[in-house]
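Residue-level listing of the chains:
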Amino acid sequence: MSSPGAVTTPVTTPVPSPDAPAGRSDRALGPVLLTLAVLLVLNSALGPLGTDALAYPLPDSLLNQLIGLELVTVLLVVPVLVTAAVLALHARPEAATLALGPTGYAAYMFVQYVVGPERLAYSPAVLLHLAIATLAGVAGVWCWRGAVATPVAGIGERTRRARVAWLLLLVAFVVARYLPVLAGSVTAGPIPAEYAEAPAFFWTIVLLDLGVVVPLAVAAAVAIGLDRASAGAAWFGVVSWFALVPPSVAAMAAVMVVRDDPHASVVTLAVTTTASIAFAVPAVRAGSLLLRRALAQP
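Residues numbered from 1 in each chain as written. Predicted model: local features only at pLDDT ≥ 70, side-chain atom pairs only at ≥ 80, totals over all residues. Heavy atoms only, no water.

Quick look at the overall build of the protein chain now. If you tally the helices and strands in the protein chain, you get 11 helices and 0 strands. The C-alpha radius of gyration of the protein chain comes to 20 Å, within 12% of the 19 Å expected for a compact globule of 298 residues. Projecting the C-alpha coordinates of the protein chain onto the three principal axes gives extents of approximately 55 × 40 × 30 Å. The contacts of the protein chain with a sequence gap of at least 6 include a subset with a gap of at least 24, amounting to 80%. Surface exposure of the protein chain reaches about 14000 Å², of which carbon and sulfur atoms provide 71%. Where the 15 positive side-chain charges of the protein chain centre and where its 14 negative ones centre are 17 Å apart. (Helix = DSSP H or I, 4+ residues; strand = E, 2+ residues; numbered from the N terminus. Rg over C-alpha atoms; globule rule 2.2 N^0.38 Å. Contact = heavy atoms within 4.5 Å. Areas by Shrake-Rupley, 256 points an atom, 1.4 Å probe, with all protein chains shown as cover. Lys, Arg positive; Asp, Glu negative; His and termini not counted. Charge placed at Lys NZ, Arg CZ, Asp CG, Glu CD.)

What follows is about the packing of aromatic side chains. Considering all chains together, one arrives at 9 aromatic pairs under this definition. When the centroid spacing of 5.0 Å and the interplanar angle of 85° are considered together, the rings of Y108 and W241 count as edge-to-face. In this pair, Y108 is assigned in helix α4 (residues 100-115) and W241 in helix α9 (residues 231-242), connecting sequence segments 133 residues apart. Like Y108, the residue W241 is buried in the burial classification. Ring centres 6.2 Å apart and planes at 85° place the aromatic pair W166 and F279 in the edge-to-face group. Placement of W166 in helix α6 (residues 157-177) and of F279 in helix α11 (residues 266-296) is noted, with a sequence separation of 113 residues between them. Considered together, W166 and F279 belong to a single accessibility category, that of buried residues. (Phe/Tyr/Trp six-rings, centres within 6.5 Å; stacked < 30°, edge-to-face > 60°. Buried < 20%, exposed > 50% of the residue type's maximum accessible area, 1.4 Å probe, protein only.)

A separate point is the nonpolar core. Ranked by internal contacts, the top residues of the largest apolar core, which has 82 residues, are L33, L40 and L167. When near neighbours in sequence (up to four residues on either side) are disregarded, L33 contacts L81, A84, A85, A99, T103, A139 and C143. (Core = buried A, V, L, I, M, F, W, Y, C linked by side-chain atoms within 4.5 Å.)

For the rest of this paragraph, the subject is the packing of helix α8 (residues 199-225) against α9. In contact at an axis separation of 8 Å, α8 and α9 are set at 145° when each is read in the N-to-C sense. The handedness of the crossing between α8 and α9 comes out as left-handed. Contacts between α8 and α9 involve V213, A217, A220, A223 and I224 from the former and A231, A234, W235, V238, W241 and F242 from the latter. Taken together, the residues that form the contact of α8 with α9 break down as 11 nonpolar, no polar and no charged. (Axes fitted to C-alpha atoms, helices over the stretch in contact; angles between N-to-C directions. Left-handed = near helix turned anticlockwise from the far one by under 90°. Nonpolar A, V, L, I, M, F, W, Y, C, P; charged D, E, K, R; others polar.)

Turning to the confidence of the model for the protein chain, a few remarks are in order. Averaged over all residues, the pLDDT of the protein chain equals 89, while 91% of them reach at least 70. Across the protein chain, the secondary-structure element scoring lowest on mean pLDDT is helix α1 (residues 21-46), at 86, and the one scoring highest is α4, at 97. Throughout residues 1-23 the model reports pLDDT below 50, and contacts reaching past four residues in sequence, or to other chains, amount to 50 contacts. (pLDDT = per-residue confidence, 0-100.)

The full count for this structure, using the stated rule, is 6 salt bridges. Taking the shortest distance from any N to any O, the salt bridge between E157 and R160 comes out at 2.7 Å. Of this pair, E157 and R160 are both found in helix α6, 3 residues apart, which corresponds to roughly one turn of the helix. R160 sits in the buried class, given a relative accessible area of 9%. Overlapping salt bridges, with partners in common, bring together E157, R160, R161 and D227 in one network. (Salt bridge = Lys/Arg side-chain N within 4 Å of Asp/Glu carboxyl O.)

With 14 residues, helix α10 (residues 245-258) ought to run about 20 Å at 1.5 Å a step, and its terminal C-alpha atoms sit 20 Å apart, in line with that. For α10, every residue scored as buried is listed here: V245, P246, P247, S248, A250, A251, M252, A253, V255 and M256. In this fold, the buried residues of α10 make contact with α2 (60-89), α4, α9 and α11. Following α10 by one or two positions, D260 adopts a phi angle in the positive range, close to 55°. (Expected span 1.5 Å × (residues − 1).)

What the largest pocket holds in volume is close to 1000 Å³. Looking at the largest pocket, it is lined by 44 residues, and the ones nearest its centre are R177, Y178, E194, Y195 and V249. Elements with a contribution of two residues or more to the lining of the largest pocket: α2, α4, α6, α7 (179-187), α8, α9, α10 and α11. Residue composition of the lining of the largest pocket, by class: 32 nonpolar, 9 polar and 3 charged. (1 Å grid on protein atoms, 1.4 Å probe; cavity = no way out; pocket = protein on both sides within 12 Å on 5 of 7 lines; lining within 4 Å. Points joined across faces, edges and corners; volume = space filled by probe spheres on them.)

A word on the packing of α4 against α8. Geometry of a packed helix pair, given as the angle between the helix axes and the separation of the axes. Orientation of α4 relative to α8, taken along the N-to-C sense of each, is 150°, at an axis distance of 9 Å. As judged from the angle between their axes, α4 and α8 are roughly antiparallel. Two packed elements cross with a definite hand, and for α4 against α8 that hand is right-handed. In this structure, α4 uses Y108, V111, Q112 and V115 to contact α8, whose residues at the interface are A200, F201, T204, I205, L208, D209 and V213. Among the residues making up the contact of α4 with α8, the classes are represented as 8 nonpolar, 2 polar and 1 charged. (Parallel < 35°, antiparallel > 145°, perpendicular 65-115°, else oblique.)

Counting through the fold element by element, E194 comes out in the loop between α7 and α8. In sequence terms E194 and A220 are 26 residues apart; their C-alpha atoms lie 33 Å from each other. In this view, E194 contacts P59, S61, L62, Q65 and H263; residues no more than four positions away in its chain are not counted.

Shown next, in the form of structure tokens:
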């Protein structure tokens, strides 16, 4: 059976020339992605991972989680963004597709940064986080349009079914994590203890996961199943996002264990690490094919 990332019959749609208007648009995306990468590094340098110059009115458990998240941002997300930016500066149309994951990651995370801390006073941190969330959102829409317009190789029916099944598995994984929320909503149970002092953070994540991530992943599965023009972009966008966000959750769990956080869980660390490795496989495979195609062009 074909794997989720397998590619078969090529389409005949020509790749746009770098000298065409689309090429100029690709180049213009480069500085935007580089700016986003710089802002992400700046935020990490000023936050709890670096100088701790930005004040975060959060309990220690959530600060530990932010440190883990920032490690993934600097070591994984920023390099992918920079790679996509370099490709964009060379007018490679693959840049937009490659940047779907990191721009989606940044938008997802920095909505939480803006809303989660429950600040009672104005703060320069909010301006920085708002700028990152907005820029990531704008860049993400830009990248989506470019990715949909970028020719991709066709896939066989078996591979199409495998991709749909994989995306639905990702949806099931996310929903399964919130079974306690669904059950607690019936019994009026308490939210997790580590979020009790900052409930806005918890509910923001619930909203993003169940209200945004799950519907978009289902929509991507439908686009692939119906062989829409957006199927290739939808596939890469979802799998690349899942290759970035679960590792950040695993890193959060790891930092909590290392720092003897009272809410640390070795089981959570094991589950999220295993999931991160499994979820990375189709994204790495698809990303490798994308980069090889980009580098093969003159």
